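# Chain and residue survey
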Amino acid sequence: MKGEIKQIAIVVKDVNKSMQNYWDMLKIGPWDVRHLCSDTVRDFKFHGEEVKERFDFICAVCWVGNIEMELIQPIEGPNVYWEFLEKKGEGLHHFKIVLKDDEALAEYVEELSEKGMPVTQTGWIDNDVHYYLDSEEKLGIIVEMGNGGKIGAPAYVFPQV
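Rules used throughout
Residues numbered from 1 in each chain as written. Predicted model: local features only at pLDDT ≥ 70, side-chain atom pairs only at ≥ 80, totals over all residues. Heavy atoms only, no water. Buried < 20%, exposed > 50% of the residue type's maximum accessible area, 1.4 Å probe, protein only. Helix = DSSP H or I, 4+ residues; strand = E, 2+ residues; numbered from the N terminus. Pairing = 2+ DSSP bridges. Phe/Tyr/Trp six-rings, centres within 6.5 Å; stacked < 30°, edge-to-face > 60°.

In terms of burial, strand E2 (residues 31-37) is largely enclosed, as five of its seven residues are buried. Looking at chain direction, E2 and strand E11 (residues 156-158) are connected through three bridges and run antiparallel. Note that in E11 the partner of Val-33 across the bridge is Tyr-156. Relative to strand E5 (residues 56-64), E2 runs antiparallel, the two being bridged by six bridges. Counterpart to Arg-34 in the pairing with E5 is Cys-59.

Shown next, in the form of structure tokens:
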């Protein structure tokens, strides 16, 4: 396999409730929370089309061992998370494979696209790029590819410890 699996993500309807539950039940956290929106994500594309309307989703992340756990709540605008909620409800959305080399990453994404798993969503957050692949039919789960680039500080941390 090229790259490493570095993240698992769950789409939720209420990120605050989910963070609280993970913290109360399993002591998973603290969570770095960010609003990813038209102001913070550049070159955002959904099903190959540049998104020009306002969009917003909340991402809360924390590390559990060597795996980043992510909770994602869609707020507005087109994105893969709304599609997932509408089809399946809350649940495991994707795992992320990280390749640090942007050129190798782009080549791998193209290779997988040619194998029948085209990109459904992509965009840049600071130095981090993501590509979601249409991989459910072939693999039973969505695969995200990314470079694991550095991103800015979170809007807040939950819980305050």
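With that settled, consider the packing of aromatic side chains. Counting across every chain of the model gives six aromatic pairs. Where Phe-44 meets Phe-55, the ring centres are 4.1 Å apart and the plane angle is 20 degrees; that geometry is what we call stacked. Placement of the pair is Phe-44 in strand E3 (residues 42-46) and Phe-55 in the loop between strand E4 (49-50) and E5, with a sequence separation of eleven residues. You'll find Phe-44 and Phe-55 in the same group, each marked buried. On the basis of an interplanar angle of 85 degrees and a centroid distance of 5.8 Å, the ring pair of Tyr-81 and Tyr-132 is categorised as edge-to-face. Separated by 51 residues along the polypeptide, Tyr-81 in helix H2 (residues 80-88) and Tyr-132 in strand E9 (residues 128-133) bring together distant segments of the chain. Like Tyr-81, the residue Tyr-132 is buried in the burial classification. Taken together, the aromatic side chains of Phe-44, Phe-55, Phe-57, Tyr-81 and Tyr-132 make up a single cluster linked through ring pairs.

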